[in-house]
Amino acid sequence: MADSSRILIFDTTLRDGEQSPGASMNLAEKLELARALAALGVDIIEAGFPIASPGDFEAVRAIATEIAGPTICGLARCNERDIERAWEALKYARTPRIHVFLATSAIHREHKLKMTREQVIERAVQSVRQAKACCADVEFSPEDAARTEIDFLCDVVEAAIEAGATTVNIPDTVGYATPTQYASVIRTLSERVKGIDKAVISVHCHDDLGMAVANSLAGCEAGARQVECTINGIGERAGNAALEEIVMALKTRQDFYGLTTGIKTERLYPISRMLSTITGLSVQRNKAIVGRNAFAHEAGIHQDGMLKERSTYEIMKPEEVGVPKTDLVLGKHSGRHALRDRVDELGYHLTDMQLETLFDDFKALADKKKEVYDEDLTVLIEKHLEDAPAHWSLISLHTTAGTNILPTATVCIRAPDGHIVQDAAIGDGPVDAIFKAVERVTGVTANLREFSVRGVTEGKDAQGEVSLELEVISDGHTVRGRAASTDIIEASALAYLNAVNAIATRRERGHAREVVGRPGMGA
Ligand code: KIV
Ligand code: ZN
């Protein structure tokens, strides 16, 4: 018999999370994250939305084929083609799940779907049956459930269960619910829906009012036994409920909730770092559980209390969530074994060949920088997760800048055909001059939509990581580029070329896999 106190953790970082602007990942990055999610102990990985693009399809297929342990889930709208495509991607999984969704609230029915209540129920039932014919494990989501009339919601959920849904997910799609109200929706469903005992009730909350975690936990108190969430809370708009917060709230307040998960909590911090390195979306310093300040005690009175007895000001131990006591790891005398150990501990799976090139990069960095921290290492590893060889690569760079002189940049770049091309440009500053010179060499013209520099670690010799977003003028698509170096001017040039290479890869594959190109969520 299923343990009634066990909460299933359904991770949707690779689907709802990846759907948010700026969070797109390539195939190698998605696979690496999926491996880390499996090691973390999540019960279900929602690997993507296969119909959305060939890239999404490929990622779901690859994850379904490779990852053992968690159930692998793919999303589909309630239509035949979506469900067929989802199954094509999922069929190699050891334990597959198809997740179908259809909006149910009056606002969505009237303005988006233009369907009556009866039509919505009929379509939901048809789709659950179609999915069920492929796979025993079927999840149904009435999109915008939290704003759906409660009687109608009960009818839809009942019909979906009767058609074969084994999980019914209740999304607060627009982050509108409050904890008491959301809990009452879950309670009403568990009391009124016939056959509810045949399905798991799931919660899926967005954070528009900052209540996604509170709503999810209230849902669990009211009887939900699956929580849909993402690492670092990434996701559409303000994001989804943060996995690490849900898990640690259930663990730390076990006395109150009486619920458990299968998560290995000491892997929470490393996976948070991995995701933020992969996407370039940094975690706010004061973020609960995984923020840099989450376990820092500044005030003298707190420090004094901590020294006398940790529990005076500490409700969780940093080591419980995998925050390293010290993240100073390696120096220039460290060897391959030490590097391999550290890479494994950070949750990455590199082949011997990848480790060998990483070792060269590490030695080069250790020559420039006395101390190589975990964060330095993760940005180096990230370079090895590129899923295509670089088309354009930087050979050298020279800039001039100062007061009362015109900033200039000269770049020397290897073109995809092996030729070496050199050009120069002037700009508003040295970075602008570099970007213009790169444009002249590569022929890619784009608007710079976002540009940020962050110190990977602390100290004067820290690496600077540059993240940027380009909007390609010819087709309006956006791409992101990222690179790190101890010289931020060089990091800027490398990040720009990284974005230019992403454009070239996309053109080569002949499909637009970008945020703006995704199908709408309507049925
Ligand atoms: O927020 C939402 O409604 C969703 C569904 C597709 C489950 O993400
Ligand atoms: Zn969502």
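Residues numbered from 1 in each chain as written. Chains lettered and ligands numbered in written order. Predicted model: local features only at pLDDT ≥ 70, side-chain atom pairs only at ≥ 80, totals over all residues. Heavy atoms only, no water.

A few words on the coordination of the zinc ion (ligand 2). Here the zinc ion (ligand 2) is held by Asp16 (OD), His204 (NE2) and His206 (NE2), and the distances to it run 2.0 to 2.1 Å. Of note, the donors binding the zinc ion (ligand 2) are all from one chain and are spaced D-x187-H-x1-H. In this pair, Asp16 is assigned in helix α1 (residues 13-17) and His204 in strand β7 (residues 200-205), connecting sequence segments 188 residues apart. (Donors = N, O, S within 2.8 Å, 3.2 Å for Na, K, Ca; no water. Helix = DSSP H or I, 4+ residues; strand = E, 2+ residues; numbered from the N terminus.)

This model, assessed by the stated rule, comprises five aromatic pairs. Taking the centre distance of 6.1 Å and the plane angle of 40° together, the rings of Phe359 and Phe362 count as tilted. On the criterion of helical spacing, the pair formed by Phe359 and Phe362 is a turn pair, its members being three residues apart in helix α15 (residues 352-368). Note on accessibility: Phe359 and Phe362 belong to one class, buried. (Phe/Tyr/Trp six-rings, centres within 6.5 Å; stacked < 30°, edge-to-face > 60°. Buried < 20%, exposed > 50% of the residue type's maximum accessible area, 1.4 Å probe, protein only.)

A few words now on helix α16 (residues 374-383). The buried fraction of α16 amounts to nine of the ten residues, a majority that puts the element mostly inside the structure. Within α16, the full set of buried residues consists of Asp374, Glu375, Asp376, Leu377, Thr378, Val379, Leu380, Ile381 and Glu382.

Moving on, we come to the sheet that holds strand β13 (residues 420-426). The three strands are arranged β11-β12-β13 in an open sheet whose pairing can be described as antiparallel. For this open sheet the edge positions go to β11 (393-400) and β13, each flanked by a neighbour on one side alone. Taken over all neighbouring pairs, the strand axes of this sheet differ in orientation by 15° on average, direction set aside. Direction of pairing for strand β12 (residues 408-414) relative to β13: antiparallel, over a ladder of seven bridges. Bridge pairing in β13 places Thr410 opposite Ala424. Most of the contacts of helix α17 (residues 430-442) go to β13, to which it runs at about 135°, and overall it touches β11, β12 and β13. (Pairing = 2+ DSSP bridges. Axes fitted to C-alpha atoms, helices over the stretch in contact; angles between N-to-C directions. Contact = heavy atoms within 4.5 Å.)

Turning next to a nonpolar patch on the surface. Taken together, Leu448, Phe451, Val453 and Ile488 make up a surface patch of nonpolar side chains, about 320 Å² in accessible area. No other element matches strand β14 (residues 446-455), which puts three residues into the nonpolar patch. For Leu448, the location among the structural elements is in strand β14. Given a relative accessible area of 40%, Leu448 falls into the partly exposed group. (Patch = residues over 30% accessible without salt bridge, like charges linked within 9 Å, V, L, I, M, F, W, Y side chains within 5 Å. Areas by Shrake-Rupley, 256 points an atom, 1.4 Å probe, with all protein chains shown as cover. Salt bridge = Lys/Arg side-chain N within 4 Å of Asp/Glu carboxyl O.)

What follows is about the site of ligand 1. Contacts to ligand 1 come from twelve residues, most closely from Arg15, Asp16, Thr173, His204 and His206. Between ligand 1 and Asp16, the relevant distance is 3.1 Å, taken from an oxygen atom to a side-chain nitrogen or oxygen of the residue. Contact between ligand 1 and His206: an oxygen atom at 3.0 Å from a side-chain N or O atom of the residue. In the complex, the protein chains occlude 98% of the 260 Å² of accessible area that ligand 1 would expose alone. Only α1, β4 (96-103), β5 (138-143) and β6 (167-172) provide two or more residues apiece to the shell around ligand 1. Residues that form the shell around ligand 1 fall into these classes: three nonpolar, six polar and three charged. (Near = heavy atom within 4 Å. Polar contact = N/O pair within 3.5 Å; in protein donor to acceptor, adjacent residues only side chain to side chain. Nonpolar A, V, L, I, M, F, W, Y, C, P; charged D, E, K, R; others polar.)

This paragraph deals with the sheet that holds strand β1 (residues 8-11). One key point about sheets: their strands pair by backbone hydrogen bonds, in either a parallel or an antiparallel sense. What the eight strands build is a closed barrel, ordered β1-β2-β3-β4-β5-β6-β7-β8; its pairing is parallel. Averaged over neighbouring strand pairs, the angle between their axes works out to 25° when direction is ignored. Pairing of strand β3 (residues 71-77) with β4, which is carried by six bridges, proceeds in the parallel orientation. Its bridge partner being in β4, Ile72 is matched across the sheet by Pro96.

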